[in-house]
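Letter by letter, the chains look like this.
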Amino acid sequence: LQRSQQLKRSAWLAPAPCRLNSGLPMNIGVLFVPQQEAWVVERMGKFHRILEPGLNFLIPLLDRIRYVQSLKEIVINVPEQSAVTLDNVTLQIDGVLYLRVMDPYKASYGVEDPEYAVTQLAQTTMRSELGKLSLDRVFRERESLNANIVDAINQASDCWGIRCLRYEIKDIHVPPRVKESMQMQVEAERRKRATVLESEGTRESAINVAEGQKQAQILASEAEKAEQINKAAGREANAMLVKARAKAEAIQLLAAALAQQHGSAAASLSVAEQYVSAFSKLAKDSNTLLLPANTGDVTNMVAQALGIYTALSKPQAVKAQEEMPPACEDPQPPATEVLKAEQAGSS
(Lines give C-alpha, C1' and ligand atoms only; values in the text may rest on other atoms or scores of the structure.)
Protein backbone atom coordinates (compact mmCIF):
# COMPACT_ATOMS: atom_id res chain seq x y z
CA LEU A 1 0.00 0.00 0.00
CA GLN A 2 2.80 2.39 0.87
CA ARG A 3 4.53 1.47 -2.36
CA SER A 4 1.44 2.25 -4.40
CA GLN A 5 0.97 5.57 -2.61
CA GLN A 6 4.57 6.51 -3.35
CA LEU A 7 4.07 5.68 -7.02
CA LYS A 8 0.95 7.82 -7.17
CA ARG A 9 2.76 10.71 -5.51
CA SER A 10 5.71 10.41 -7.88
CA ALA A 11 3.35 10.34 -10.85
CA TRP A 12 1.64 13.51 -9.60
CA LEU A 13 4.88 15.33 -9.07
CA ALA A 14 6.54 14.05 -12.26
CA PRO A 15 6.35 16.26 -15.33
CA ALA A 16 3.56 15.44 -17.77
CA PRO A 17 4.56 13.64 -20.98
CA CYS A 18 4.81 15.87 -24.03
CA ARG A 19 2.57 15.04 -27.07
CA LEU A 20 4.02 16.41 -30.27
CA ASN A 21 5.75 19.29 -28.46
CA SER A 22 9.09 19.85 -26.72
CA GLY A 23 7.93 21.09 -23.30
CA LEU A 24 5.06 22.04 -20.99
CA PRO A 25 4.46 25.60 -19.72
CA MET A 26 4.11 26.37 -16.00
CA ASN A 27 0.85 27.62 -14.51
CA ILE A 28 1.42 31.12 -13.20
CA GLY A 29 -2.24 32.14 -13.35
CA VAL A 30 -2.01 34.19 -16.53
CA LEU A 31 -1.08 32.28 -19.72
CA PHE A 32 -0.75 33.23 -23.37
CA VAL A 33 -1.47 30.33 -25.72
CA PRO A 34 0.21 30.58 -29.14
CA GLN A 35 -1.71 30.21 -32.40
CA GLN A 36 -2.19 26.64 -33.77
CA GLU A 37 -1.64 25.09 -30.33
CA ALA A 38 -4.08 23.51 -27.87
CA TRP A 39 -3.26 23.24 -24.14
CA VAL A 40 -5.09 20.52 -22.21
CA VAL A 41 -5.70 21.58 -18.59
CA GLU A 42 -6.44 19.21 -15.72
CA ARG A 43 -7.88 20.39 -12.41
CA MET A 44 -6.94 18.18 -9.50
CA GLY A 45 -5.99 15.35 -11.88
CA LYS A 46 -9.20 15.51 -13.93
CA PHE A 47 -9.72 17.00 -17.36
CA HIS A 48 -10.94 20.57 -16.98
CA ARG A 49 -10.79 22.36 -20.36
CA ILE A 50 -8.71 23.16 -23.42
CA LEU A 51 -7.14 26.60 -23.63
CA GLU A 52 -7.73 28.48 -26.85
CA PRO A 53 -5.05 30.70 -28.48
CA GLY A 54 -4.71 34.05 -26.71
CA LEU A 55 -5.06 35.19 -23.10
CA ASN A 56 -6.21 32.62 -20.53
CA PHE A 57 -6.46 32.53 -16.72
CA LEU A 58 -5.85 29.52 -14.50
CA ILE A 59 -5.84 28.82 -10.76
CA PRO A 60 -2.33 28.00 -9.59
CA LEU A 61 -1.76 24.68 -7.80
CA LEU A 62 -5.26 23.43 -8.73
CA ASP A 63 -5.01 23.71 -12.52
CA ARG A 64 -2.19 22.03 -14.37
CA ILE A 65 -1.29 22.00 -18.07
CA ARG A 66 -1.11 18.30 -18.81
CA TYR A 67 -0.74 18.12 -22.59
CA VAL A 68 0.24 20.53 -25.36
CA GLN A 69 -1.01 19.54 -28.80
CA SER A 70 0.13 21.16 -32.05
CA LEU A 71 -2.64 21.73 -34.58
CA LYS A 72 -0.25 22.09 -37.50
CA GLU A 73 0.30 19.41 -40.13
CA ILE A 74 2.85 16.92 -38.86
CA VAL A 75 5.26 14.93 -41.02
CA ILE A 76 6.30 11.49 -39.77
CA ASN A 77 8.93 9.38 -41.48
CA VAL A 78 7.79 5.75 -41.68
CA PRO A 79 10.84 3.45 -41.31
CA GLU A 80 11.77 0.99 -44.04
CA GLN A 81 9.90 -2.29 -43.86
CA SER A 82 9.70 -5.52 -45.81
CA ALA A 83 6.52 -6.65 -47.53
CA VAL A 84 5.62 -9.61 -49.76
CA THR A 85 3.58 -9.03 -52.91
CA LEU A 86 0.90 -11.27 -54.38
CA ASP A 87 3.47 -13.03 -56.62
CA ASN A 88 5.81 -13.72 -53.64
CA VAL A 89 8.35 -10.96 -54.23
CA THR A 90 9.88 -9.37 -51.14
CA LEU A 91 10.12 -5.58 -51.27
CA GLN A 92 11.69 -3.01 -48.98
CA ILE A 93 9.45 0.06 -48.75
CA ASP A 94 9.63 3.27 -46.75
CA GLY A 95 7.29 6.22 -46.81
CA VAL A 96 6.24 9.58 -45.39
CA LEU A 97 3.05 10.14 -43.41
CA TYR A 98 1.26 13.50 -43.16
CA LEU A 99 -1.28 13.89 -40.36
CA ARG A 100 -3.01 16.56 -38.23
CA VAL A 101 -4.55 16.63 -34.75
CA MET A 102 -8.28 17.30 -35.15
CA ASP A 103 -9.43 16.69 -31.54
CA PRO A 104 -6.86 17.54 -28.83
CA TYR A 105 -8.91 15.73 -26.13
CA LYS A 106 -8.92 12.40 -28.03
CA ALA A 107 -5.30 12.83 -29.03
CA SER A 108 -4.36 13.29 -25.36
CA TYR A 109 -6.48 10.60 -23.74
CA GLY A 110 -7.32 8.24 -26.61
CA VAL A 111 -3.85 6.77 -27.14
CA GLU A 112 -0.62 6.83 -25.16
CA ASP A 113 1.73 7.74 -28.02
CA PRO A 114 -0.11 8.94 -31.15
CA GLU A 115 3.00 9.18 -33.29
CA TYR A 116 4.10 5.62 -32.58
CA ALA A 117 0.56 4.30 -32.98
CA VAL A 118 0.04 5.93 -36.36
CA THR A 119 3.48 4.77 -37.57
CA GLN A 120 2.77 1.16 -36.65
CA LEU A 121 -0.67 1.34 -38.22
CA ALA A 122 0.83 2.70 -41.46
CA GLN A 123 3.36 -0.15 -41.59
CA THR A 124 0.81 -2.90 -41.03
CA THR A 125 -1.60 -1.35 -43.52
CA MET A 126 1.19 -1.12 -46.08
CA ARG A 127 1.99 -4.82 -45.69
CA SER A 128 -1.64 -5.85 -46.07
CA GLU A 129 -2.19 -3.66 -49.14
CA LEU A 130 0.98 -4.87 -50.85
CA GLY A 131 -0.10 -8.46 -50.31
CA LYS A 132 -3.09 -7.79 -52.58
CA LEU A 133 -1.04 -6.57 -55.55
CA SER A 134 1.49 -8.15 -57.88
CA LEU A 135 4.91 -6.61 -58.50
CA ASP A 136 3.94 -4.96 -61.77
CA ARG A 137 0.78 -3.45 -60.28
CA VAL A 138 2.74 -2.03 -57.33
CA PHE A 139 4.65 0.28 -59.69
CA ARG A 140 1.59 1.15 -61.78
CA GLU A 141 -0.86 1.74 -58.93
CA ARG A 142 1.15 3.69 -56.41
CA GLU A 143 -1.49 6.40 -56.19
CA SER A 144 -4.30 3.95 -55.47
CA LEU A 145 -2.05 2.17 -52.95
CA ASN A 146 -1.40 5.45 -51.11
CA ALA A 147 -5.13 6.25 -51.10
CA ASN A 148 -6.00 2.83 -49.65
CA ILE A 149 -3.43 3.25 -46.86
CA VAL A 150 -4.80 6.70 -45.97
CA ASP A 151 -8.37 5.35 -45.80
CA ALA A 152 -7.32 2.46 -43.57
CA ILE A 153 -5.40 4.76 -41.20
CA ASN A 154 -8.29 7.23 -40.94
CA GLN A 155 -10.74 4.48 -40.05
CA ALA A 156 -8.51 3.29 -37.18
CA SER A 157 -7.32 6.70 -35.96
CA ASP A 158 -10.77 8.31 -35.76
CA CYS A 159 -11.00 7.51 -32.06
CA TRP A 160 -7.54 9.04 -31.51
CA GLY A 161 -8.56 12.48 -32.79
CA ILE A 162 -5.96 12.33 -35.55
CA ARG A 163 -6.62 12.53 -39.27
CA CYS A 164 -4.17 11.23 -41.89
CA LEU A 165 -4.02 13.65 -44.81
CA ARG A 166 -1.83 11.64 -47.21
CA TYR A 167 0.75 8.90 -47.39
CA GLU A 168 3.57 8.85 -49.91
CA ILE A 169 5.90 5.97 -50.76
CA LYS A 170 9.46 7.25 -50.99
CA ASP A 171 11.49 4.27 -52.21
CA ILE A 172 10.78 0.71 -53.30
CA HIS A 173 13.83 -1.55 -53.15
CA VAL A 174 13.61 -4.68 -55.31
CA PRO A 175 15.89 -7.73 -54.83
CA PRO A 176 18.88 -7.77 -57.22
CA ARG A 177 17.76 -10.83 -59.18
CA VAL A 178 14.27 -9.47 -59.62
CA LYS A 179 15.75 -6.16 -60.69
CA GLU A 180 17.86 -7.90 -63.33
CA SER A 181 14.81 -9.78 -64.60
CA MET A 182 12.85 -6.54 -64.81
CA GLN A 183 15.70 -4.93 -66.72
CA MET A 184 15.77 -7.82 -69.19
CA GLN A 185 12.01 -7.56 -69.56
CA VAL A 186 12.28 -3.86 -70.29
CA GLU A 187 15.00 -4.45 -72.90
CA ALA A 188 12.93 -7.19 -74.54
CA GLU A 189 9.91 -4.91 -74.63
CA ARG A 190 11.96 -2.13 -76.22
CA ARG A 191 13.34 -4.53 -78.83
CA LYS A 192 9.81 -5.71 -79.54
CA ARG A 193 8.62 -2.14 -80.00
CA ALA A 194 11.57 -1.39 -82.29
CA THR A 195 10.81 -4.49 -84.39
CA VAL A 196 7.12 -3.61 -84.60
CA LEU A 197 7.88 -0.03 -85.59
CA GLU A 198 10.37 -1.20 -88.22
CA SER A 199 7.85 -3.67 -89.66
CA GLU A 200 5.17 -0.98 -89.71
CA GLY A 201 7.57 1.33 -91.52
CA THR A 202 8.36 -1.38 -94.09
CA ARG A 203 4.66 -2.07 -94.53
CA GLU A 204 3.81 1.59 -95.06
CA SER A 205 6.72 1.93 -97.48
CA ALA A 206 5.52 -1.07 -99.51
CA ILE A 207 1.98 0.32 -99.53
CA ASN A 208 3.22 3.70 -100.71
CA VAL A 209 5.29 2.09 -103.48
CA ALA A 210 2.32 -0.03 -104.59
CA GLU A 211 0.05 3.00 -104.56
CA GLY A 212 2.57 4.93 -106.61
CA GLN A 213 2.86 2.12 -109.17
CA LYS A 214 -0.93 1.85 -109.32
CA GLN A 215 -1.32 5.58 -109.95
CA ALA A 216 1.45 5.46 -112.55
CA GLN A 217 -0.25 2.59 -114.41
CA ILE A 218 -3.60 4.35 -114.26
CA LEU A 219 -2.08 7.56 -115.62
CA ALA A 220 -0.19 5.64 -118.32
CA SER A 221 -3.36 3.80 -119.41
CA GLU A 222 -5.32 7.06 -119.45
CA ALA A 223 -2.58 8.68 -121.54
CA GLU A 224 -2.55 5.72 -123.95
CA LYS A 225 -6.33 5.85 -124.19
CA ALA A 226 -6.26 9.55 -124.93
CA GLU A 227 -3.55 8.98 -127.53
CA GLN A 228 -5.57 6.26 -129.24
CA ILE A 229 -8.65 8.47 -129.17
CA ASN A 230 -6.67 11.30 -130.72
CA LYS A 231 -5.25 8.97 -133.34
CA ALA A 232 -8.69 7.55 -134.13
CA ALA A 233 -10.16 11.02 -134.27
CA GLY A 234 -7.28 12.38 -136.33
CA ARG A 235 -4.97 10.48 -138.63
CA GLU A 236 -6.79 7.12 -138.73
CA ALA A 237 -10.16 8.78 -139.31
CA ASN A 238 -8.69 10.76 -142.20
CA ALA A 239 -7.06 7.61 -143.56
CA MET A 240 -10.35 5.72 -143.41
CA LEU A 241 -12.10 8.59 -145.18
CA VAL A 242 -9.45 8.64 -147.89
CA LYS A 243 -9.69 4.86 -148.31
CA ALA A 244 -13.48 5.03 -148.48
CA ARG A 245 -13.34 7.79 -151.08
CA ALA A 246 -10.76 5.88 -153.12
CA LYS A 247 -12.85 2.72 -152.95
CA ALA A 248 -15.96 4.65 -153.98
CA GLU A 249 -14.12 6.17 -156.95
CA ALA A 250 -12.79 2.70 -157.88
CA ILE A 251 -16.30 1.28 -157.75
CA GLN A 252 -17.55 4.14 -159.91
CA LEU A 253 -14.77 3.59 -162.44
CA LEU A 254 -15.48 -0.15 -162.42
CA ALA A 255 -19.17 0.43 -162.96
CA ALA A 256 -18.38 2.81 -165.83
CA ALA A 257 -16.03 0.26 -167.37
CA LEU A 258 -18.61 -2.50 -167.12
CA ALA A 259 -21.18 -0.28 -168.80
CA GLN A 260 -18.95 0.11 -171.86
CA GLN A 261 -18.71 -2.31 -174.79
CA HIS A 262 -17.09 -5.67 -173.99
CA GLY A 263 -17.16 -4.81 -170.28
CA SER A 264 -18.60 -8.20 -169.43
CA ALA A 265 -15.78 -9.98 -171.20
CA ALA A 266 -13.21 -7.97 -169.28
CA ALA A 267 -14.97 -8.75 -166.01
CA SER A 268 -15.04 -12.44 -166.86
CA LEU A 269 -11.31 -12.41 -167.60
CA SER A 270 -10.59 -10.66 -164.29
CA VAL A 271 -12.71 -13.14 -162.30
CA ALA A 272 -11.00 -16.09 -164.01
CA GLU A 273 -7.55 -14.70 -163.17
CA GLN A 274 -8.49 -14.19 -159.53
CA TYR A 275 -9.93 -17.73 -159.34
CA VAL A 276 -6.79 -19.28 -160.72
CA SER A 277 -4.60 -17.21 -158.37
CA ALA A 278 -6.67 -18.21 -155.31
CA PHE A 279 -6.72 -21.88 -156.37
CA SER A 280 -2.93 -21.89 -156.59
CA LYS A 281 -2.64 -20.77 -152.91
CA LEU A 282 -5.08 -23.26 -151.39
CA ALA A 283 -2.59 -25.71 -149.87
CA LYS A 284 0.01 -23.19 -148.66
CA ASP A 285 -1.61 -21.96 -145.40
CA SER A 286 -3.30 -25.15 -144.07
CA ASN A 287 -3.59 -28.87 -144.75
CA THR A 288 -7.37 -28.90 -144.22
CA LEU A 289 -9.31 -27.82 -147.32
CA LEU A 290 -13.01 -27.57 -148.17
CA LEU A 291 -13.50 -27.57 -151.96
CA PRO A 292 -16.62 -27.68 -154.11
CA ALA A 293 -17.21 -30.70 -156.36
CA ASN A 294 -16.61 -28.76 -159.62
CA THR A 295 -13.38 -27.09 -158.60
CA GLY A 296 -11.63 -27.81 -161.88
CA ASP A 297 -14.41 -26.36 -164.02
CA VAL A 298 -13.22 -22.77 -164.34
CA THR A 299 -15.81 -21.90 -166.98
CA ASN A 300 -18.70 -22.89 -164.76
CA MET A 301 -17.31 -20.91 -161.80
CA VAL A 302 -16.90 -17.76 -163.93
CA ALA A 303 -20.43 -18.19 -165.30
CA GLN A 304 -21.82 -18.43 -161.80
CA ALA A 305 -19.98 -15.28 -160.75
CA LEU A 306 -21.31 -13.36 -163.74
CA GLY A 307 -24.79 -14.70 -163.07
CA ILE A 308 -24.66 -13.33 -159.56
CA TYR A 309 -23.49 -9.97 -160.90
CA THR A 310 -26.27 -9.80 -163.49
CA ALA A 311 -28.85 -10.81 -160.91
CA LEU A 312 -27.77 -7.93 -158.70
CA SER A 313 -27.60 -5.39 -161.56
CA LYS A 314 -30.97 -6.39 -163.13
CA PRO A 315 -33.22 -4.55 -160.64
CA GLN A 316 -31.23 -1.39 -161.09
CA ALA A 317 -31.52 -1.59 -164.89
CA VAL A 318 -35.25 -2.14 -164.72
CA LYS A 319 -35.68 0.76 -162.35
CA ALA A 320 -33.65 3.02 -164.67
CA GLN A 321 -35.84 2.07 -167.67
CA GLU A 322 -39.00 2.80 -165.70
CA GLU A 323 -37.74 6.24 -164.75
CA MET A 324 -36.84 7.18 -168.38
CA PRO A 325 -39.50 9.26 -170.33
CA PRO A 326 -41.28 7.55 -173.24
CA ALA A 327 -39.81 9.90 -175.83
CA CYS A 328 -36.30 8.86 -175.01
CA GLU A 329 -36.92 5.17 -175.43
CA ASP A 330 -34.69 3.49 -177.99
CA PRO A 331 -35.55 0.31 -179.88
CA GLN A 332 -33.28 -1.98 -177.89
CA PRO A 333 -33.73 -5.64 -176.98
CA PRO A 334 -35.02 -6.56 -173.55
CA ALA A 335 -32.55 -6.85 -170.69
CA THR A 336 -33.19 -10.56 -170.29
CA GLU A 337 -32.18 -11.24 -173.87
CA VAL A 338 -29.05 -9.18 -173.42
CA LEU A 339 -28.12 -11.13 -170.32
CA LYS A 340 -28.74 -14.44 -172.08
CA ALA A 341 -26.60 -13.31 -175.01
CA GLU A 342 -23.81 -12.25 -172.70
CA GLN A 343 -23.97 -15.55 -170.85
CA ALA A 344 -23.89 -17.45 -174.12
CA GLY A 345 -20.91 -15.41 -175.30
CA SER A 346 -19.07 -15.96 -172.02
CA SER A 347 -19.76 -19.68 -172.25
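Source: prediction; values computed, not measured.

Enquirer: In this structure, what is going on with the packing of aromatic side chains? I would like to understand it.
Expert: The relation between two aromatic rings is expressed through the spacing of the ring centres and the mutual angle of the planes. Summed over the entire model, instances satisfying the criterion amount to four aromatic pairs. Aromatic pair Tyr67 and Tyr109: ring centres 5.3 Å apart, planes at 85 degrees, arrangement edge-to-face. Within this pair, whereas Tyr67 is found in strand β5 (residues 63-70), its partner Tyr109 is found in helix α2 (residues 104-109), the two being separated by 42 residues in sequence. Under the relative-accessibility criterion, Tyr109 is labelled partly exposed at 33%. Between Tyr105 and Tyr109, the ring centres sit 5.1 Å apart and the planes meet at 45 degrees, which makes this aromatic pair tilted.

Enquirer: It is not clear to me how the pairing of strand β6 (residues 73-84) should be interpreted in this structure. Could you clarify?
Expert: Across a regular strand the side chains alternate sides, sitting on one face of the sheet and then on the other. For β6 and strand β7 (residues 90-101), the ladder comprises ten bridges, and the chain directions are antiparallel. What sits directly across from Ile74, in β7, is Leu99. Linking two consecutive strands that pair antiparallel, namely β6 and β7, is a turn of five residues; a positive phi of about 60 degrees is found at Asn88 within it.

Enquirer: Explanation requested: unusual backbone geometry in the structure shown.
Expert: Only a minority of non-glycine residues have a phi that is not negative, and only a minority of peptide bonds are not trans. Even without glycine at this site, Gln36 takes up a positive phi of about 65 degrees. Checked against the element boundaries, Gln36 lands in the loop between β1 (30-33) and β2 (37-43). A positive phi angle, near 60 degrees, is found at Asn88, a position not held by glycine. On the secondary structure map, Asn88 appears in the loop between β6 and β7.

Conventions and cut-offs
- Residues numbered from 1 in each chain as written.
- Predicted model: local features only at pLDDT ≥ 70, side-chain atom pairs only at ≥ 80, totals over all residues.
- Heavy atoms only, no water.
- Phe/Tyr/Trp six-rings, centres within 6.5 Å; stacked < 30°, edge-to-face > 60°.
- Helix = DSSP H or I, 4+ residues; strand = E, 2+ residues; numbered from the N terminus.
- Buried < 20%, exposed > 50% of the residue type's maximum accessible area, 1.4 Å probe, protein only.
- Pairing = 2+ DSSP bridges.

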